[in-house]
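# Coordinate analysis (summary)
Read off the chains here:
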Amino acid sequence: MIYMLDTANLAAIKKAYDLYPLSGVTTNPTIISKENKGFIEILQDIRNIIGEDIMLHAQVLGTTAEEMIEEAKYLKEKIGKNIYVKVPVTQQGIKAIKILKKQDFKITATAIFTAQQALMAGVSGADFVAPYVNRIDNISGNGVEVVKNIIDQIKVYNLDTKVLAASFKNVQQVHEVSKIGVHSITVNPEIMDKMLEHPLTDWSVNEFIKDWKKVYGQSSNTIISEV
Ligand code: E4P
């Protein structure tokens, strides 16, 4: 599983980078606009936190392939090579993906709601395809089923594309796509934290400490006897 964080909030990124096995940070124009700072400044700040080796995904806003390609070049110039350019799977987006792949860009095809959109993006050269699980569920669709169909198609057609499941509103949705072998997920900071939360885990840890201190003394906060 490749874990990514879906935010541009620097404090949240710092925390997740410190605590979790984070492989990437994903953004979109809505996420960026919440930070109320310059676009490139935000991306550079994120890059400074996560370093060069962690993936950074940023989306283009143009609606023609030419505009998207210009924006992709701008992103690469400003942020460097390990930028994944997020391109929506419109007709112009697919055209842009084909052209950008020939120029060695890393691409995440986004705004995916059907398996056929994902398949065409994969065949066009997208490195990741990002289906929006919760947004599909919200319109009486089945987000997990769409993710499963995409995973199956990638196998059938032997593509190198990875599924980056996105748009989650709860941990159960993440669990359902994990069970079917999704390659990667991107979740907001709240869901990332919640994936570990369990009252019995906290209770158990506290009980261990309490039992330990009964025998080894109230100030004993470690199993290391020399301390
Ligand atoms: C990722 O590519 C999407 O931009 C993101 O996960 C959408 O999430 P939302 O549906 O919670 O806005």
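Just so it is clear, the model here is predicted, and its values are computed rather than measured. (Residues numbered from 1 in each chain as written. Predicted model: local features only at pLDDT ≥ 70, side-chain atom pairs only at ≥ 80, totals over all residues. Heavy atoms only, no water.)

## A look at the domain arrangement of the chain
Splitting the chain by domain gives domain 1 (2–195) and domain 2 (197–227). Inter-centroid distance (C-alpha atoms) of domain 1 to domain 2 is 41 Å. (Domains from an automatic or database assignment.)

## Re helix α11 (residues 199–216)
Given 3.6 residues to a turn, an α-helix orients residues that are three or four positions apart in the same direction. An ideal rise of 1.5 Å per residue puts 26 Å on 18 residues; α11 measures up with 26 Å between its terminal C-alpha atoms. Immediately beyond the C-terminal end of α11, within one or two residues, lies Gly 217, with a positive phi of roughly 100°. (Helix = DSSP H or I, 4+ residues; strand = E, 2+ residues; numbered from the N terminus. Expected span 1.5 Å × (residues − 1).)

## Looking at the site of the ligand
All residues adjacent to the ligand are Asp 6, Asn 28, Lys 86, Thr 110, Tyr 132, Arg 135, Ala 166, Ser 167 and Lys 169. In the environment of the ligand, an oxygen atom lies 2.6 Å from a nitrogen or oxygen atom belonging to the side chain of Asp 6. A total of 340 Å² of accessible area belongs to the ligand in isolation, and the protein chains cover 85% of it. When the residues that make up the shell around the ligand are grouped by side-chain class, the tally is two nonpolar, three polar and four charged. (Near = heavy atom within 4 Å. Polar contact = N/O pair within 3.5 Å; in protein donor to acceptor, adjacent residues only side chain to side chain. Areas by Shrake-Rupley, 256 points an atom, 1.4 Å probe, with all protein chains shown as cover. Nonpolar A, V, L, I, M, F, W, Y, C, P; charged D, E, K, R; others polar.)

## Focus on the side chain of Thr 108
Along the chain, Thr 108 turns up in strand β5 (residues 106–112). Relative accessible area serves as the criterion here: at 0%, Thr 108 is assigned to the buried category. For Thr 108, the side chain forms a polar contact with the side chain of His 57, separated by 2.8 Å. Not counting chain neighbours up to four residues away, the residues in contact with Thr 108 comprise His 57, Tyr 84, Val 85, Lys 86, Val 87, Phe 128, Ala 130 and Leu 164. (Buried < 20%, exposed > 50% of the residue type's maximum accessible area, 1.4 Å probe, protein only. Contact = heavy atoms within 4.5 Å.)

## A word on the packing of helix α6 (residues 115–123) against helix α8 (residues 143–156)
Here α6 crosses α8 at 35°, and the two axes come no closer than 9 Å. Read as a crossing pair, α6 and α8 show a hand that is right-handed. Of the residues in α8, those in contact with Ala 115, Gln 116, Ala 118 and Leu 119 of α6 are Val 146, Asn 149, Ile 150 and Gln 153. For the contact of α6 with α8, the residue count by class is five nonpolar, three polar and no charged. (Axes fitted to C-alpha atoms, helices over the stretch in contact; angles between N-to-C directions. Left-handed = near helix turned anticlockwise from the far one by under 90°.)

## Some details on unusual backbone geometry
Positive phi, normally seen in glycine, also occurs at Asp 104, with a value near 70°. Relative to the helices and strands, Asp 104 is located in the loop between α5 (91–102) and β5. Not every positive phi belongs to a glycine, and Ser 167 is a case in point at roughly 60°. With respect to the element layout, Ser 167 can be found in the loop between β7 (162–165) and α9 (171–179). For Ser 167, a relative accessible area of 13% translates into the label buried.

## Some points on the sheet that holds β5
In space, the eight strands of this closed barrel follow the order β1-β2-β3-β4-β5-β6-β7-β8, with parallel pairing throughout. Averaged over all adjacent pairs, the angle separating strand axes in this sheet is 25°, with direction ignored. Two elements, strand β1 (residues 2–6) and strand β2 (residues 22–26), share four bridges in a ladder whose sense is parallel. Bridge assignment links Leu 5 to a residue of β2, and that residue is Val 25. (Pairing = 2+ DSSP bridges.)

## Considering the pattern of salt bridges
Counting across every chain of the model gives eight salt bridges. Between Glu 207 and Lys 210 there is a salt bridge, with its nearest N and O atoms 2.9 Å apart. Here Lys 210 and Glu 207 lie together in helix α11, a separation of three residues that amounts to about one turn. (Salt bridge = Lys/Arg side-chain N within 4 Å of Asp/Glu carboxyl O.)

## Some words on the side chain of Thr 161
Inspection of the secondary structure assignment puts Thr 161 in the loop between α8 and β7. Within the structure, Thr 161 has its side chain in polar contact with the backbone oxygen of Ala 126 (distance 3.0 Å). Here Thr 161 is in contact with Gly 122, Ala 126, Asp 127, Phe 128, Val 129, Ile 154 and His 183, once residues within four sequence places are set aside.

## Description of the packing of aromatic side chains
In the structure shown here, the tally under the stated rule is three aromatic pairs. Arranged with centres 5.6 Å apart and planes meeting at 65°, the rings of Tyr 84 and Phe 128 form a pair that is edge-to-face. Placement of the pair is Tyr 84 in strand β4 (residues 83–88) and Phe 128 in strand β6 (residues 128–131), with a sequence separation of 44 residues. A cation over a ring is seen here: Lys 76 above Phe 105, with NZ or CZ 4.1 Å from the ring centre. (Phe/Tyr/Trp six-rings, centres within 6.5 Å; stacked < 30°, edge-to-face > 60°. Lys NZ or Arg CZ within 6 Å of the ring centre and 35° of its normal.)

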